[in-house]
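Architecture at a glance
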Amino acid sequence: MQIYGDLISGNCLKVKYTADWLGLDYDWVDVDIMQGQSRTDDFLTHNPAGQVPTVVFADGRALAQSNAIIRYLARDSALLPADAFERAKVDEWLFWEQYSHEPYVAVCRFQMVYEKRAASERDAWRVERGEAALDLLERTLSEPRWLVADALSVADISLYGYTALAHEGGFDLTGRPGIAAWLDRTRGALGLG
C-alpha cells in the first residue's frame, strides 16, 4: 500500500495515524501540493481530483478523501464500533468534520501556514465558523472521554487531525479544557508522545 500525502496536512496525518495505529504496512510518498506534485499526469491517474491524501493498494485500486480512507482502513477493527448505531455516530462525526470543522479550522491554518498570512488576514467568516466548530467540540467533550462510545475511534482520529493544529490557524484552545484533555488522550492513544 502506498499513501500519497503531505505531512503538513491534517487530512494526510489522520490517514497516517490510522495506518500506524492499525500496524499496517505502507510506503509513504511525499506529495508537495504547493509545487504542483498532485497535478502530475502520474498522480492524476490515481486521483483525478488531484488531492491528497490518496491511497493506492497492492491491487492498483486507489481511494481518496481522508475520512473514506480511514473508515476503510479501520473496517473490522476496534476503531469502528461493532454496534450499528455507534458506527453511524462515527459517520455523523466524519461528515461534520468535513462540512463544519475542516473548511474553517483547516483553511484558516492553510492561509497562515501555506500562504503565510497573518492571523488578522484570515477570512473573518471562516474564523467565526471555526470558533463555532471548536465551541461545539468543547461542549461535546466536557464529559465523555471519546466522541463515540467509550473508546478511541476514527471519529477521534478525524477530528484530532486539524484540532491539534488549530493553533497554527490562529485559534486559541486555552479555555477549552475538554478539547485539551481529549487531545492529550488521543495523542497518547495514538502513541504520538
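Residues numbered from 1 in each chain as written. Predicted model: local features only at pLDDT ≥ 70, side-chain atom pairs only at ≥ 80, totals over all residues. Heavy atoms only, no water.

**Quick look at the packing of aromatic side chains**
In the structure shown here, the tally under the stated rule is 7 aromatic pairs. Their ring planes at 65 degrees and their centres at 5.9 Å tell us that tyrosine 17 and tyrosine 160 sit as a pair that is edge-to-face. With a gap of 143 residues between them, tyrosine 17 in helix α1 (residues 10-22) and tyrosine 160 in helix α6 (residues 154-163) connect regions that are remote in the sequence. Given a relative accessible area of 15%, tyrosine 17 falls into the buried group. For the pair tyrosine 160 and tryptophan 182, a centre-to-centre distance of 6.5 Å together with 65 degrees between the ring planes defines the contact as edge-to-face. In this pair, tyrosine 160 sits in helix α6 while tryptophan 182 sits in helix α7 (residues 177-189), placing the two residues 22 residues apart along the sequence. (Phe/Tyr/Trp six-rings, centres within 6.5 Å; stacked < 30°, edge-to-face > 60°. Helix = DSSP H or I, 4+ residues; strand = E, 2+ residues; numbered from the N terminus. Buried < 20%, exposed > 50% of the residue type's maximum accessible area, 1.4 Å probe, protein only.)

**Structural notes on helix α3 (residues 66-73)**
Buried within α3 we find Ser66, Asn67, Ile69, Ile70 and Leu73. Looking down the long axis of α3, one finds its buried residues gathered within 160 degrees of arc, a one-sided arrangement. Next to the buried residues of α3 lie α1, β3 (54-56), β4 (62-64), α4 (84-113) and α6. (Arc of directions from axis to C-beta. Contact = heavy atoms within 4.5 Å.)

**A word on the packing of α3 against α4**
Running from N to C, α3 and α4 point in directions that differ by 155 degrees, and their axes come no closer than 10 Å. Between α3 and α4, the crossing angle belongs to the class labelled roughly antiparallel. As for the relative orientation of α3 and α4, their crossing is right-handed in sense. Judged by residue contacts, Ser66, Asn67, Ile70 and Arg71 of α3 engage Arg87, Asp91, Leu94, Glu97 and Gln98 from α4. Grouping the amino acids of the contact of α3 with α4 by side-chain chemistry returns 2 nonpolar, 3 polar and 4 charged. (Axes fitted to C-alpha atoms, helices over the stretch in contact; angles between N-to-C directions. Parallel < 35°, antiparallel > 145°, perpendicular 65-115°, else oblique. Left-handed = near helix turned anticlockwise from the far one by under 90°. Nonpolar A, V, L, I, M, F, W, Y, C, P; charged D, E, K, R; others polar.)

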